[in-house]
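# A structural walkthrough
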Amino acid sequence: MEASVLFISLLSLFLLADCTELTFQETMLLRALGLNRRPQPASPRPVPHSLWAIFEKGINADNPCRMESFQVPGNIVRSYSDQGPFISNEESHDSLCVRKHLFFDLSVIEEKEEVTFGQLEIKFKHNTYHGHGFQLRIYRPLHMTLKAMRNHHTNRKLLFAHSFRLLHKSLHFNLTKVTQDWTNLENNMGLILEISADGEDTDIQKFSSCHQMPSFIHTSLLTVSLDPTNCKASRTKRNAEPSPPTPSNICSKRRLYIDFKDVGWQNWVIAPRGYMANYCHGECPYPLTEMLKGTNHAVLQTLVHSIEPETTPLPCCAPTKLSPISMLYYDNNDNVVLRHYEDMVVDECGCK
Ligand SMILES: *[C@@H]1O[C@H](CO)[C@@H](O)[C@H](O)[C@H]1NC(C)=O
């Protein structure tokens, strides 16, 4: 059975299961979604605008393994909060406003995933810095020892330098290569962010905005990656004609709405709240008609069944066309994740 068809079967079982079976069913379900346990977001952070935008734009059913918004292959987008501390600067020179270690825990990226995009976002909560220019520099430390951290001038490489004035919107930096390197966790020593005030003027306003700056900065990292195990190389297209009504005991698609609240997932699944998953049910009688979309093999099997009913069962009523959905959720590290899952919705059923 395909993993995704398994998912729908598990989900229906999970909805019907009594409490004793629940844990096992749920574990299997979560595994199908790429999680090892049910996420319990402690302090869920707001969903980044960019992830909402991708979710709302919907999924390209013909190519669920491409993230059009970033023009790269991928079916997973994650947004990580920065976990690095501010670094006090001992030999502080007057113009330095902020020195901060940026660290993003990429351990959730699985080995089978290929990172295709990485972007650092620096957001300023207020636009109170008007009037003064600032210099922003991002360095990559080459050795992460305490000594090297203090001795920050020698053991680091400058990645970006950017000057700005009024800032209301976000600054974005391309970290694709760096994040690819960080998937080898030993290489992930984070980054050093420094913001200093421009020029020599020393007016009071500059210093006050400079000193408030640490609490105004919010940094996050976004990655796109491709999980090839959830991507079929080519998709067989069929015309989605509405199926004619079938007698109730004959193999057909049945409506099944899965509400994530019913499975107790409303705390960590952000969107959708639920979806129309459907399922296949019914008999595949002899002779198979065109309507039942039987495979050649199924047609032969019903024929043999009509001759030897004891030894050969009838074919099964199973999905013949499925479509993907996007899910937006918090993972076990409180990252916000958007993921395309193939074959989550049964569109058509037939005899196989
Ligand atoms: C980001 O950098 C990578 C190489 O480091 C490059 O291939 C890619 O095109 C860049 N992406 C954007 C959006 O500039």
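Residues numbered from 1 in each chain as written. Predicted model: local features only at pLDDT ≥ 70, side-chain atom pairs only at ≥ 80, totals over all residues. Heavy atoms only, no water.

## Quick word on the state of the cysteines
Keep this limit in mind: A pair of sulfur atoms, both from cysteines and within 2.5 Å, is called a disulfide here. In this description a helix means any DSSP run of H or I spanning at least four residues, a strand means any run of E spanning at least two, and both kinds are numbered starting from the N terminus. Summary of the burial criterion: residues with accessible area below 20% of their type's maximum are buried, those above 50% are exposed, and those between are partly exposed, where the area comes from a 1.4 Å probe applied to protein chains only.
As enumerated under the stated definition, the model contains 3 disulfides in all. Here Cys-280 pairs with Cys-349 through a disulfide, and the sulfurs are 2.1 Å apart. Taking the sign of the torsion about the S-S bond as the criterion, the disulfide between Cys-280 and Cys-349, at about -85°, is left-handed. Highlighted residues: Cys-280 in strand β15 (residues 279–281) and Cys-349 in strand β17 (residues 336–351), separated in sequence by 69 residues. Owing to a relative accessible area of 9%, Cys-349 belongs among the buried residues under this scheme. Note that Cys-284 is cross-linked by a disulfide to Cys-351, the S-S spacing being 2.1 Å.

## Let's talk about the site of the ligand
Rule in force here: In these notes, residues near a molecule or strand are those with any non-hydrogen atom within 4 Å of it. Polar contacts, as used here, are pairs of N or O atoms within 3.5 Å; protein pairs need one atom able to donate a hydrogen and one able to accept it. Residues neighboring in sequence count only if both atoms are side-chain atoms. Each accessible area is a Shrake-Rupley estimate made with a 1.4 Å probe; only the visible protein chains count as cover when residues are assessed.
Every residue close to the ligand is listed here: Asn-174, Thr-176 and Lys-177. Contact distances for the ligand include 2.4 Å between an oxygen atom and a side-chain N or O atom of Asn-174. When the ligand sits alone it has 360 Å² of accessible area, and the protein chains cover 34% of it.

## So, the sheet that holds strand β6 (residues 134–141)
Each strand in a sheet pairs with its neighbour through backbone hydrogen bonds, running either in the same direction (parallel) or in the opposite one (antiparallel). So the rule is basically this: Here, any two strands with at least 2 DSSP bridges between them count as paired. Note on geometry: axes are C-alpha line fits, over the in-contact stretch for helices, and angles between N-to-C directions span 0 to 180 degrees.
In spatial order, the strands read β4-β9-β6-β7; together these 4 strands make up an open sheet with antiparallel pairing. In the strand order of this sheet, the two ends are held by β4 (96–102) and β7 (156–164), each with one partner. Geometrically, the sheet is characterised by an average inter-axis angle of 15° between neighbouring strands, direction not taken into account. For β6 and strand β9 (residues 191–197), the ladder comprises 6 bridges, and the chain directions are antiparallel. Pairing of Ile-138 across the sheet is with Leu-193, part of β9.

## With respect to the nonpolar core
For clarity, the threshold we go by: Put simply, buried Ala, Val, Leu, Ile, Met, Phe, Trp, Tyr and Cys residues joined by side-chain atoms within 4.5 Å make one nonpolar core.
Core analysis: the largest hydrophobic core is formed by 28 residues, its most contacted members being Leu-120, Ile-122, Leu-136 and Ile-195. Looking at this core, the elements that each hand over two or more residues are β4, β5 (114–124), β6, β8 (171–174), α5 (176–182), β9, α6 (204–216) and β10 (217–226). Judged by nonpolar contacts, the second largest core, of 21 residues, contains Trp-265, Ala-277, Tyr-329 and Tyr-341.

## Focus on the sheet that holds strand β16 (residues 317–330)
If you walk across this open sheet you meet the 7 strands as β8-β5-β10-β3-β17-β16-β13, and the pairing is antiparallel. Looking at the sheet topology across the chains shown, the edges are occupied by β8 and β13 (269–271). Taken pair by pair, the neighbouring strands of this sheet meet at an average axis angle of 30°, ignoring direction. Here β5 pairs with β8 via 4 bridges, running antiparallel. Across the sheet, the residue bridging to Leu-120 is Phe-173, located in β8.

## A closer look at the packing of aromatic side chains
Note the threshold: Aromatic pairing here means that ring centres of Phe, Tyr or Trp (its six-membered ring) are within 6.5 Å. Orientation follows from the plane angle: under 30 degrees is stacked, over 60 is edge-to-face, and everything else is tilted. We call a charge positioned above a ring when the Lys NZ or Arg CZ atom is no farther than 6 Å from the ring centre and deviates by at most 35 degrees from the ring normal.
Applying the stated criterion across every chain, the model contains 9 aromatic pairs. The interplanar angle of 75° and the centroid separation of 6.0 Å between the aromatic rings of Trp-52 and Phe-55 together place this pair among those described as edge-to-face. In this pair, Trp-52 and Phe-55 are both assigned in helix α3 (residues 49–57), 3 residues apart and thus about one turn of the helix distant. For Phe-55, a relative accessible area of 19% puts it in the buried group. Taken together through their ring pairs, the aromatic side chains of Phe-260, Trp-265, Trp-268, Tyr-275 and Tyr-329 make up a single cluster. Between the NZ or CZ atom of Lys-100 and the centre of the ring of Phe-86, over which it lies, the distance is 5.3 Å. The ring of Tyr-139 has Arg-156 lying over it, and the distance from NZ or CZ to the ring centre is 3.5 Å.

## Overview of the side chain of Arg-140
Let me state the cut-off plainly: Two residues form a contact once any of their heavy atoms are found within 4.5 Å.
Examined against the element boundaries, Arg-140 turns out to sit in strand β6. You can call Arg-140 buried: its relative accessible area is 16%. Within the structure, the side chain of Arg-140 is placed 2.8 Å from the side chain of Asp-181, a separation counted as a polar contact. Setting aside its immediate chain neighbours within four residues, Arg-140 contacts Asn-155, Arg-156, Lys-157, Leu-159, Val-178, Asp-181, Trp-182, Asn-187, Gly-190 and Leu-191.

## Some thoughts on helix α7 (residues 296–307)
The cut-off we apply is this: Any helix carries an expected span of 1.5 Å times its number of residues minus one. Think of it as the arc spanned by the lines of direction from the helix axis to the C-beta atoms.
Over its 12 residues, α7 extends 17 Å from the first C-alpha to the last, a length consistent with the 16 Å expected when each residue adds 1.5 Å. Within the span of α7, buried status applies to Ala-298, Gln-301, Thr-302 and His-305. Viewed end-on, α7 has its buried residues packed into an arc of 100°, placing them on one side of the element. Of the exposed residues in α7, those oriented more than 90 degrees away from the buried face are Asn-296, Leu-300 and Ile-307. Check the buried side of α7 and you find it contacts β17.

## Let's talk about unusual backbone geometry
Glycine aside, a negative phi is what most residues show, and trans is what most peptide bonds show. Cis geometry marks the peptide bond from Ala-271 to Pro-272; its omega dihedral reads -5°. Turning to its location among the elements, Pro-272 is positioned in the loop between β13 and β14 (274–276). Its identity as a non-glycine residue notwithstanding, Asn-278 has a phi of 65°, on the positive side. You can see Asn-278 is positioned in the loop between β14 and β15.

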